[in-house]
Amino acid sequence: MREGMVRIPSGCAISGIISTKGIRFNGEAITRSIACMHERANGLGGGFVGYGIYPAYRDLYALHLMYETAQARTDTEEYLGRHFTVHQAEPIPTRKTAGVGEAPMLWRYFVWPKEESEDGADRDGDDYVTAFVMTVNGRIPGAFVFSSGRNMGVFKGVGFPADIARFFRLEEYEGYMWVSHGRFPTNTPGWWGGAHPLGILDWSVVHNGEVSSYGINKRYLEMFGYCLELQTDTEVIAYLFDLLHRRHGVPLDLVCRALTAPFWKDIDRYEERERAVYTALRRVYGSAMLNGPFSIIVAFNGTMLGLNDRIKLRPMVCGRKDHFILMGSEESALREAVGDLDAVWNIRAGERFIARLEEGVTV
Amino acid sequence: MRGYLPPEYLVHIDHGKCRRCGNCVRNCAFGALQFEHGAWQQIMRIFQHGQDDLQQVFDKIKENVPDRVVADHHKCVQCHYCVTHCPEGAISVQPNPLAYRGNYHWQPHHLKNIWLQAETGGKLLTGAGNDKTYFSYFDHMVLDACQVTNPSIDPLREPMELRTYLGSRPDALEFESGPDGPVLKTKLAPAVRLETPLVFAGMSYGAVSLNAHKALAMAAKACGILMNTGEGGLHTDLYPYADWIMVQVASGRFGIDPDYLRRGVAVEIKIGQGAKPGIGGHLPGEKVDEEVSRTRMIPVGSDALSPAPHHDIYSIEDLSQLIYALKEATEYTKPVAVKIAAVHNVAAIASGIARAGADIITIDGFRGGTGATPLIIRDHVGIPIEMALAAVDDRLRQEGIRNRVSLVASGGIRHSGDVAKAIALGADAVAIGTAALIAMGCRLCQKCYTGNCNWGIATQKPELTARLDPERAAERLVNLIRGWSLELKEILGALGLNAVESLRGSRLRLRGIGLSESDLRVLGIKNAGVGA
């Protein structure tokens, strides 16, 4: 069985670090952080995402693919070549690691969309890449795109997070922002694509919990043309951010407020402007609201966002040390990454914390 | 004329317990109970009034007949009014055990209906909803609950939200930045706020008594929900409750003027009703007294006939015109609802209604009640609300227009479990008519069309309507709504949800038991035992 055929509830560990000054650091800190929460994973999924790791190709889309068969690779590369100019194609460097079982073939491509597509449609690069990802993942058996952003990359597989980090040689990459995930699924998918983070374009999502409103969130997204292949909560969360923020243009902060809406008893006490805003959010985006236990880290270029469920049924703590902002399931995991913290605080129920690169910092 | 029809029920008086107070005799509007005077009463009468039929007195003395209550079983409708109000608990009513030759095809009710028609030559009338043994899909669906991987939520310790808005929603919102934070730029269509996802179904003043209407209005206000005038207009006594009243526009246009439209918080165009799809209404002239006349704006004693179709709506574009005429009349300040009966092509019809500009669609399933309908229509026309609701919600989603309308489901909702299942199938709110009447005392005797309702609900006879104390009836309705709301919170908590919108349309939380593949497909749910 693989992800998408069944829905698999999981418990998890999540952790993230951003240097708000945009200073790049290697994957060891995030590995220490997630490894510290070993108990929260069971060896059936671990993964990382690093931002700013491909400065030499910063403007190109970095596609990470896993192939289960040689045929899948042939088909995908043929399709890729038709629609994209491939600047670089190579196997993702790995090392043999105890605790990481048989891996699929792992390849990465640095690409740019060809100016004229076969169907003549005029699309910008992001739409082009999204369509490519949907097509490969939906139609080419044995091929799976698990990373598709620019100057960032997802690394994930079946194993404990620390072993996955060694396997992908994360100490050799330097990024200004890292997010990681350790998974405790309730049964054994044994499929590398099912590990987290989930990434689409520059966006990546890690999540600890179970979205009890999955049924209606999924039907709501389907109405807007999304096809939920993986049947995971993470996929739903990623698409909700995509729909509300990218397509509907709702400010990021309000997207968070729509997904973990304030209670009516509080809205009733707000002043008029706020009451109008939140009443409308709940009326219009009620089907997008996430219910049940979760803590989430959403990352995209220059931004790391932590979000906790409406009544804090999952842990989530934030910390600051110099120019680092950290978020994770446990305080110990934050301290393990950077040592003593300058400040540490909990994200309150239904609240979000958004960490951004400082003004003027480019990466 | 007695005819061939045996009594439906047998009334048994326990003469040992009965202390001959005559309460029941005075109370039965159907005249099923009489006081039979025995010897002692007869003798007293002779003393008081003088009477010369001594032979009768002698006979009674000889037979030692005491005073007693006797029943005319033929007239009993099993409304339980006498049973409930007998101070001695001396009355019981049983179904007539009269045996019929067993015949699966020709059931006793078929025979009885034929006898009745052979005697009267009329079409048979009835009240309330379809009572036949059609399969109940509600009874073959079960809800989910949390175990281990996600925690259930205790509604006694955590906030649990049932607030619901009925009205059209845009697909997306626009904001602009203001000095104190984001400001809402999108202008939202008008909507009605409900504190719990329940409303009272449309029941007209005329079909039900003014006291019943008052009770519904008072309860709606107390609960923060809506009552619906039905097609009988709005009595002036209900004006103080207008903020909790949806006013109806039906094919007879009774009681409608601009003031009526503007007074309610929402306007509903009634196209059809689950108990009588495709059929109009008929309020007999006897029920049209001074008050009903003024409220309906028709002469006293005249029959109020609602045509089967609206004669200005012969197609969807005509409906659209009426929707916008009502929006114009109310200056776009109130949502306009359209109520239809659940029929075979309900999904396409609902889609058309959404596109015609309605803000709310009420779908009434074939179990929905009525004050009067031809029996043959009630029992054989229309489809179950569960199927209709699932089909409509699916279709609106497929077409990407589910946000444009709110869906209200009705037709045989019996308890909060049915409410939760209807919401999970896709309803924004649920309308209850029969359940509300039962809360006020109704025993589902199905004789509403006779105007003899002993409980003072479906009647205009002053001596009967006086039996329904609107304040007490309202209290019972408030209790019902409160009880169901508490239960809904328990259900949500068990599902690990703390807001009703997270259950709305979440069919993943339903499972079918004993349903066919095609049933499951139409309902859009999985079979019990199949995981997520």
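Basis of the calculations
Residues numbered from 1 in each chain as written. Chains lettered and ligands numbered in written order. Predicted model: local features only at pLDDT ≥ 70, side-chain atom pairs only at ≥ 80, totals over all residues. Heavy atoms only, no water. Helix = DSSP H or I, 4+ residues; strand = E, 2+ residues; numbered from the N terminus. Rg over C-alpha atoms; globule rule 2.2 N^0.38 Å. Buried < 20%, exposed > 50% of the residue type's maximum accessible area, 1.4 Å probe, protein only. Contact = heavy atoms within 4.5 Å. Areas by Shrake-Rupley, 256 points an atom, 1.4 Å probe, with all protein chains shown as cover. Salt bridge = Lys/Arg side-chain N within 4 Å of Asp/Glu carboxyl O. Pairing = 2+ DSSP bridges. Axes fitted to C-alpha atoms, helices over the stretch in contact; angles between N-to-C directions. Domains from an automatic or database assignment. Buried area = accessible area lost by both parts, 1.4 Å probe. Nonpolar A, V, L, I, M, F, W, Y, C, P; charged D, E, K, R; others polar.

1. What about the overall build of chain A?
A count of helical and extended segments in chain A gives 10 helices and 18 strands. Here the C-alpha atoms of chain A give a radius of gyration of 20 Å, agreeing with the 21 Å that 2.2 N^0.38 yields for 363 residues. Once the C-alpha set of chain A is aligned to its principal axes, its extents read approximately 60 × 50 × 45 Å. For chain A, the residues scored as buried account for 63% of the 363 residues in total. In chain A, the proportion of contacts linking residues at least 24 apart, taken out of those at least 6 apart, comes to 74%. Carbon and sulfur atoms make up 47% of the accessible area of chain A, which amounts to about 13200 Å² in all.

2. Focus: the pattern of salt bridges
Oppositely charged side chains are able to pair whenever their charged atoms sit close together. A full pass over the atoms with the stated rule returns 53 salt bridges over all chains. Among the salt bridges present, the one from B:Lys132 reaches B:Asp131, with a minimum N-O distance of 2.8 Å. Via salt bridges that share partners, A:Arg219, B:Arg169, B:Asp393, B:Asp394, B:Arg397, B:Arg402, B:Asp428, B:Arg504 and B:Arg507 belong to a single interconnected network.

3. Section: unusual backbone geometry
For residues that are not glycine, phi is negative in most cases, and the peptide bond is trans in most cases. A:His196 connects to A:Pro197 through a cis peptide bond whose omega is 10°. Along the chain, the position of A:Pro197 falls in the loop between strand 10 (177-185) and strand 11 (198-200). Phi is positive for B:Arg20, which is not a glycine, with a value near 60°. For B:Arg20, the location among the structural elements is in the loop between strand 1 (9-13) and helix 1 (23-27).

4. As for the pairing of strand 7 (residues 164-167) of chain B
All names here are of chain B. Side chains of strand 7 alternate between two faces, with Thr164 and Leu166 and Tyr165 and Gly167 buried alike. Across 4 bridges, strand 7 lies against strand 10 (residues 191-194) in antiparallel orientation. Across the sheet, residue Tyr165 finds its bridge partner in strand 10, namely Arg193.

5. Structural notes on the sheet that holds strand 7 (residues 143-147) of chain A
Two orientations exist for strands paired in a sheet by backbone hydrogen bonds: parallel and antiparallel. Residue and element names in this part refer to chain A. Taken together, the 4 strands give an open sheet; going across it, the order is 5-6-4-7, and neighbouring strands pair in antiparallel fashion. Edge positions in the open sheet fall to strand 5 (84-91) and strand 7, since each of these has one partner strand only. Across this sheet, the average inter-strand angle for adjacent strands is 30°, counted without regard to direction. Two strands pair when backbone bridges link them, and strand 5 and strand 6 (residues 105-113) are joined in this way by 7 bridges, in the antiparallel orientation. Paired with Phe84 across the bridge in strand 6 is Pro113. Of the strands in this sheet, strand 4 (61-67), strand 5, strand 6 and strand 7 touch helix 2 (residues 70-83), which is tilted by about 10° from strand 6.

6. A closer look at the environment of A:Arg283
Within the secondary structure layout, A:Arg283 lies in helix 9 (residues 272-285). Between the alpha carbons of A:Arg283 and A:Cys318 there is a distance of 31 Å; along the sequence they are 35 residues apart. Apart from the residues lying within four places of it in its own chain, the contact partners of A:Arg283 are B:Tyr165, B:Ser168, B:Arg169, B:Leu188, B:Ala189 and B:Ala191.

7. With respect to the domain arrangement of chain A
All names here are of chain A. The assigned domain composition of chain A is domain 1 (10-53 + 151-356) and domain 2 (56-150). Spacing between the C-alpha centres of domain 1 and domain 2 amounts to 24 Å. Across the contact, 29 residues belong to domain 1 and 35 residues belong to domain 2. Each partner contributes to the roughly 2600 Å² buried at the junction of domain 1 and domain 2, and carbon and sulfur atoms together form 57% of this total.

8. Here's the deal with the interface of chain B and chain A
When the parts of a complex come together, some accessible area is lost, and that lost area is often used as the size of the interface. Of the residues lining the interface, 48 residues belong to chain B; the matching set on chain A comes to 41 residues. At the boundary of chain B and chain A, one finds 6 salt bridges. For the side of chain B that touches chain A, the secondary-structure elements that each account for two or more residues are strand 9 (181-184), strand 10 and helix 12 (385-398) of chain B. When its residues are assigned to classes, the side of chain B that touches chain A shows 22 nonpolar, 11 polar and 15 charged.

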